[in-house]
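Remarks on the overall topology
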Amino acid sequence: MGAEEPDLYRDTWVRYLGYANEVGESFRPLVPVSVVWASYGVATAYVTADAIDKGRKAAAVSVAPSPAPQLLPPTLTPLSPQAHAQDPAQPTRVGVAVVDTFVWQGLASVAIPGFTINRLCAASLALLGTLTRWPLPLRRWTTTALGLAAIPFIITPIDRTVDFLMDSSLRKLYGAPGEPPAPH
């Protein structure tokens, strides 16, 4: 048995693209809003690519034992319509993988952390303006530093919360966490 191939979107540097919007929100006091929106574009592209990747991997999974290779016509490929007909649960499995990944990543990588860092930075900038006599550029840089410093601390609690929310809601529609619904 060979070692399992690392997941490009979870086990490599590509994973950090999912944090682009948190970085953008941290820099909001210092950069044009278009830069912040561009950071959301990067994070959303990451989420979409991960969802597509998980769908492709789910499509490649064979649940039912496949017939012996000598019984297959030479023109039958794993992605042909005839191959899909052999596994009627495949479209459901692929759909569940794509939706589950996209919703989870959308919440855990984009929406909730982006909102959290945005509010943290807005509150810290307002508080620094009220409680200190620091010049505005220093308050803005301090706010950015606080936002960046908060990112590692919010990731795990947000991930766990999204797992709980997904397990308590959407994932109940298709069975156990991470598993597609049983064929009817």
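The protein chain carries the name Mitochondrial fission process protein 1 in an unreviewed UniProt entry, which gives Caloenas nicobarica as its organism. As its UniProt record puts it under Sequence similarities (unreviewed entry), the protein chain is described as follows: "Belongs to the MTFP1 family."

**Description of the overall build of the protein chain**
Scanning the protein chain from terminus to terminus reveals six helices and zero strands. The 184 residues of the protein chain split such that 33% are buried. Total accessible area on the protein chain stands at roughly 11,500 Å², and carbon and sulfur atoms take up 69% of it.

**Let's talk about helix α5 (residues 136-168)**
Spanning 33 residues, α5 covers 44 Å between terminal C-alpha atoms, matching the ideal 48 Å at 1.5 Å per step. The complete set of buried residues in α5 reads R139, T143, T144, G147, A150, I151, I154, I155, I158, D159, V162 and M166. Among the structural elements, α1 (20-26), α4 (90-131) and α6 (170-173) are those in contact with the buried residues of α5.

**Quick look at the environment of V47**
Within the fold, V47 resides in helix α2 (residues 33-60). On the basis of relative accessibility, which here comes to 2%, the residue V47 falls in the buried class. Between the C-alpha atoms of V47 and G18, which are 29 residues apart in sequence, the distance is 6.8 Å.

Cut-offs used in this document
- Residues numbered from 1 in each chain as written.
- Predicted model: local features only at pLDDT ≥ 70, side-chain atom pairs only at ≥ 80, totals over all residues.
- Heavy atoms only, no water.
- UniProt positions renumbered as here; feature names shortened; annotations may be inferred.
- Helix = DSSP H or I, 4+ residues; strand = E, 2+ residues; numbered from the N terminus.
- Buried < 20%, exposed > 50% of the residue type's maximum accessible area, 1.4 Å probe, protein only.
- Areas by Shrake-Rupley, 256 points an atom, 1.4 Å probe, with all protein chains shown as cover.
- Expected span 1.5 Å × (residues − 1).
- Contact = heavy atoms within 4.5 Å.

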